[in-house]
Amino acid sequence: MAISTRGDVKDLSLAARGKDRIEWAAEDMPVLRLIRERFIKDQPLKGVRMSGCLHITTETANLAITLKAGGADLVLCASNPLSTQDDVAAALVSEYGIPTYAIKGEDEETYYRHINAALDHKPNMTMDDGCDLVSILHTSRSELVENVVAGLEETTTGVIRLKSMEKAEVLRFPVLAVNDSDTKHMFDNRYGTGQSTLDAIIRSTNRLLAGRTLVVFGYGWCGRGVASRGHGLGANVVVCEVDPTRALEAVMDGYRVMPGVEAAAIGDILVTVTGDINVIDQDHLEHMKNGALIANSGHFNDEINIPALEKLATNKRRVRDFVDEYTYSDGRRVYLLAEGRLVNLSAAEGHPASVMDMSFANQALGAEYMLKLAKDLEPRVYTIPADIDKEIARLKLQSMGIRIDTLTPEQEKYLNSWESGT
């Protein structure tokens, strides 16, 4: 089925509301605003065709507006079938002239048709959140690879996939791992995921967290955030890990650590944040207590063995928006949130604009950086230079009215010398 080159969205009449919400988010994204002001003058992306497979949210819209202001010829599609904000997608098309292919709740066929529509733009640069765009570009649309000079990847899961491609020597152009920047993963993953995940769980269930047992599968930056925010709301936090160092860190942070099957038996709310497959598997599902809530804040719904849950259940029904009840043969009921997809973007609005300000500053400056150096880079996964990362942090502090110290010449000399000692 042919779709318009202007995009494919749910309802263009939603555009005015979307524009208001985009402008509201912009108020809390001062770093990106400063970058946009410079981009308007410098035009560092002039004439570059970009295809972005991203979560279509108010924050992403501000990134898109910044890229277009810098001269980019940009097309967007959704990186998750449930994460699109339909009013934002409508506004991007009709208010900002950015072709966007995204409809909240789109089926799998539509999801991939939209990705292919974004690739029909014949991009010189890709911008991904989960590596679906790059993966398809390297398989069914490989004839377009020769147009691409570089790419950028936003999320942990995508970086994992890209590094696998690099290791297998199939990656055909350089990609910047935006997720590996300190001003991305230390803040977006921890504070953004922590707040937005619990926001989504509370919005979709209206359940009190205080006094409940919250089980967090994975103690990376995202897991740290979910555990910290859950603890702050009064939950009894349990962490499940496979990495001994991270498990030890969780213990030292004051949480109980135990195997997943044991935790599944006592958990009231279970959240996966690992980027791996079947983190909550059939064994876990069989041990769950009556009334347990299951949510995923990793990129793909593969983290939960949903086919096993379907087989265990004798009945399934939708009891609230984004809440599916599965009844077992013994009468126990467990609840899967947002079909196992990214709960924070499916059942809520995703990360707050303040943290996405830094993440998308990395995307914008990363695009500029990769365009300058792409011809000299090998087809590998790269990280953003430390000076750009620190400049984003400096601008964020400046926007918050916070000043910090600087080293004196004496201190710099001391730190760069080896002669001094006791």
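Our subject in this report is the structure included herewith. As the structure is a computational prediction, the values presented were derived from the model and not from experiment.

**Focus: unusual backbone geometry**
A positive phi angle, near 55°, is found at Lys122, a position not held by glycine. Along the chain, the position of Lys122 falls in the loop between helix 5 (108-119) and strand 5 (125-128). A positive phi angle is found at Cys131, which is not glycine, with a value near 75°. If you trace the backbone, Cys131 turns up in the loop between strand 5 and helix 6 (132-138).

**A look at the sheet that holds strand 15 (residues 333-337)**
Strands sit in the order 10-9-8-11-12-15-14-13 across an open sheet of 8 strands; the sheet is mixed. The sheet is open, and its two edges are formed by strand 10 (256-257) and strand 13 (313-320), each paired on a single side. Across 6 bridges, the pairing between strand 13 and strand 14 (residues 323-328) is antiparallel. Looking at the pairing, Lys316 lines up with Tyr326 of strand 14.

**Some thoughts on the side chain of Ser359**
Note on placement: Ser359 falls in helix 15 (residues 353-373). Taking the relative accessible area as the measure of exposure, Ser359 reaches 0% and is therefore buried.

**Observations regarding the pairing of strand 9 (residues 236-240)**
Taken across its 5 residues, strand 9 has 4 buried, putting it largely inside the fold. Of the strand pairs in this sheet, strand 8 (residues 213-217) and strand 9 are connected by 5 bridges, and their pairing is parallel. Bridging from a neighbouring strand, Phe217 pairs with Cys240 of strand 9. Taken together, strand 8, helix 9 (residues 221-232) and strand 9 constitute a β-α-β crossover, and its handedness is right-handed. Alignment of strand 9 against strand 10, held across 2 bridges, turns out to be parallel. Opposite Val239, over in strand 10, you have Val257 as the bridge partner.

**Topic: the environment of Arg224**
Turning to its location among the elements, Arg224 is positioned in helix 9. In the structure, Arg224 is positioned 191 residues away from Leu415 in sequence and 32 Å away in space, judged by C-alpha atoms. Not counting the four nearest positions on each side in its chain, Arg224 is found in contact with Tyr219 and Glu249.

**Looking at the side chain of His284**
For His284, the location among the structural elements is in helix 12 (residues 282-287). We classify His284 as buried; its relative accessible area is 11%. A distance of 2.9 Å separates the side chain of His284 from the backbone nitrogen of Asp281, its partner in a polar contact. Those residues in contact with His284, other than ones at most four positions away along the chain, are Phe217, Gly260, Val261, Ala264 and Val279.

**A few points about the pattern of salt bridges**
Scanning the entire structure with this criterion turns up 23 salt bridges. Among the ionic pairs, Arg21 bridges to Glu349, the shortest N-O distance being 3.0 Å. Within this pair, whereas Arg21 is found in helix 1 (residues 15-26), its partner Glu349 is found in the loop between helix 14 (343-346) and helix 15, the two being separated by 328 residues in sequence. Residue classification places Arg21 among the buried residues on the basis of a relative accessible area of 17%. A relative accessible area of 35% means that Glu349 is categorised as partly exposed.

**As for the packing of aromatic side chains**
Going through the model one piece at a time under the given rule, you end up with 3 aromatic pairs. Ring geometry for Tyr111 against Tyr112: centres 5.0 Å apart, planes inclined by 80°, an arrangement best described as edge-to-face. Geometrically, the ring pair formed by Phe187 and Tyr191 is tilted, given 6.1 Å between the ring centres and 35° between the ring planes. On the criterion of helical spacing, the pair formed by Phe187 and Tyr191 is a turn pair, its members being 4 residues apart in helix 8 (residues 182-205). Look at Phe187 and you get partly exposed, because its relative accessible area is 29%. Here the guanidinium or amino end of Arg224 rests over the ring plane of Trp221, the centre of that ring lying 4.4 Å away.

**Some thoughts on the sheet that holds strand 1 (residues 7-8)**
With parallel pairing, the 8 strands of this open sheet are ordered in space as 1-4-3-2-5-6-7-16. Here the strands that pair on one side only, and so sit at the sheet edges, are strand 1 and strand 16 (381-382). Pairing of strand 2 (residues 49-54) with strand 5 involves 4 bridges; the strand directions are parallel. Across the sheet, residue Met50 finds its bridge partner in strand 5, namely Met125. Each of strand 2, strand 5, strand 6 (150-153) and strand 7 (175-177) is contacted by helix 15, which is oriented at about 150° to strand 5, the strand it contacts most.

**Considering the packing of helix 2 (residues 30-42) against helix 16 (residues 386-399)**
For the pair helix 2 and helix 16, interaxial distance at closest approach is 9 Å and the crossing angle is 115°. The angle between the axes of helix 2 and helix 16 places the two elements in the roughly perpendicular class. Between helix 2 and helix 16 the crossing geometry is right-handed. Contacts between helix 2 and helix 16 pair Pro30, Val31 and Leu34 from the former with Ile392, Leu395, Lys396 and Ser399 from the latter.

Parameters and conventions
Residues numbered from 1 in each chain as written. Predicted model: local features only at pLDDT ≥ 70, side-chain atom pairs only at ≥ 80, totals over all residues. Heavy atoms only, no water. Helix = DSSP H or I, 4+ residues; strand = E, 2+ residues; numbered from the N terminus. Pairing = 2+ DSSP bridges. Buried < 20%, exposed > 50% of the residue type's maximum accessible area, 1.4 Å probe, protein only. Right-handed = clockwise from strand over helix to strand, strands pointing away. Contact = heavy atoms within 4.5 Å. Polar contact = N/O pair within 3.5 Å; in protein donor to acceptor, adjacent residues only side chain to side chain. Salt bridge = Lys/Arg side-chain N within 4 Å of Asp/Glu carboxyl O. Phe/Tyr/Trp six-rings, centres within 6.5 Å; stacked < 30°, edge-to-face > 60°. Lys NZ or Arg CZ within 6 Å of the ring centre and 35° of its normal. Axes fitted to C-alpha atoms, helices over the stretch in contact; angles between N-to-C directions. Parallel < 35°, antiparallel > 145°, perpendicular 65-115°, else oblique. Left-handed = near helix turned anticlockwise from the far one by under 90°.

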